[in-house]
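# Observations on the three-dimensional arrangement
Spelled out, the chains give:
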Amino acid sequence: MRKDPPLVVGVSGASGAIYGVRLLETLRAKRIPAHLIISKSAALTLKEEMGLAVEKVRALAETTYQNADLGAAVSSGSFRTRGMIIAPCSIRTLSDIAYGTTDSLLSRAADVTLKERRRLVLVVREAPLHAGHLRSMLAATESGAIVVPPVPAFYQHPKTIDDIVNQTVGRCLDLFDIDVGLVKRWRAEDDEQNDE
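In short, a report on the structure. (Residues numbered from 1 in each chain as written. Predicted model: local features only at pLDDT ≥ 70, side-chain atom pairs only at ≥ 80, totals over all residues. Heavy atoms only, no water.)

### With respect to the pattern of salt bridges
A full pass over the atoms with the stated rule returns nine salt bridges. For Arg-22, the salt bridge identified is with Glu-25, shortest N-O distance 3.0 Å. One end of the pair is Arg-22 and the other is Glu-25, both in helix α1 (residues 17-29) and three residues apart, which spans about a single turn. Exposure remark for Arg-22: the relative accessible area of 14% places this residue in the buried category. Across the pair Arg-185 and Asp-174 runs a salt bridge, and its minimum N-O distance is 2.5 Å. Note that Arg-185 is positioned in the loop between α7 (161-174) and α8 (188-195) and Asp-174 in helix α7, a separation of 11 residues in sequence. One salt-bridge network, held together by shared partners, links Arg-171, Asp-174, Asp-179 and Arg-185. (Salt bridge = Lys/Arg side-chain N within 4 Å of Asp/Glu carboxyl O. Helix = DSSP H or I, 4+ residues; strand = E, 2+ residues; numbered from the N terminus. Buried < 20%, exposed > 50% of the residue type's maximum accessible area, 1.4 Å probe, protein only.)

### With respect to unusual backbone geometry
The omega angle of the peptide bond from Ala-87 to Pro-88 is -5°, so this bond is cis rather than trans. Note that Pro-88 resides in strand β4 (residues 83-89). Residue Ala-127 is joined to Pro-128 through a cis peptide bond whose omega torsion reads -10°. Non-glycine residue Arg-31 carries a positive phi angle of around 60°. With respect to the helices, strands and loops of the structure, Arg-31 is situated in the loop between α1 and β2 (34-38). Of note, Asp-177 is a non-glycine position whose phi angle comes to about 60°, a positive value. Tracing the backbone through its elements, the reader meets Asp-177 in the loop between α7 and α8.

### What about the packing of α1 against helix α2 (residues 40-50)?
Put simply, α1 and α2 touch, their axes get as near as 9 Å, and they point 95° apart. The angle between α1 and α2 falls in the class roughly perpendicular. On α2, the residues that touch Ala-17, Ile-18 and Val-21 of α1 are Thr-45, Leu-46, Glu-49 and Met-50. Class assignment of the residues belonging to the contact of α1 with α2 gives a composition of five nonpolar, one polar and one charged. (Axes fitted to C-alpha atoms, helices over the stretch in contact; angles between N-to-C directions. Parallel < 35°, antiparallel > 145°, perpendicular 65-115°, else oblique. Contact = heavy atoms within 4.5 Å. Nonpolar A, V, L, I, M, F, W, Y, C, P; charged D, E, K, R; others polar.)

### Observations regarding the nonpolar core
Counting residues in hydrophobic clusters, the biggest one holds 32 residues, and the most contacted among them are Ile-85 and Leu-173. Of all elements in the fold, only β1 (7-11), α1, β2, α2, α3 (54-58), β4, β5 (119-124) and α7 reach the threshold of two or more residues within this core. Element by element, the count of residues in this core is highest for α1, at six residues. Every residue in contact with Ile-85, bar those within four places of it in the chain, is listed here: Leu-7, Val-8, Val-9, Gly-10, Leu-23, Val-121, Val-123, Cys-172, Leu-173 and Phe-176. Counting residues in each nonpolar core, the second largest holds 24 residues, with Ala-98, Ala-109, Leu-114 and Met-137 among its members. (Core = buried A, V, L, I, M, F, W, Y, C linked by side-chain atoms within 4.5 Å.)

Now the structure itself:
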């Protein structure tokens, strides 16, 4: 039986650790294999924001790698993947990707994803942004990355933080043609009624 290639998930040290955790929970629930890289800063943020030990988050993935392991499978283009999502993506990680600095597995795996012309989604969490941040976003985008700041969709009338997080995670997975039922689509109910 042929196994689907994994989605590589990176979690860096920006605020918004919940995005990475929800992404991993969703992939696990849908039996989509996830290969995980967590930076040292992300481990601290997970503890601070969610009270989670990094081991609990690693347990959500099929395979995990140390960020210092530049010889890991995901550092090679010959290792097949669906692509990569970094959620949240710090400005440091964004800048490393934008300018080809590959001294961590997180940035190396992202660089490999781009060179292999696979999808790379960066959930960049920073505000406000200065010109250097914007230049890094542009450089990453010009190399093929998709920058997805976690901007809430208020047309869905979110009631909880989970509603906001789920919408962002669902939209990120949409970019890989993975529909996990988290996204409330714009006017979807109106369109269904018009078809009747």
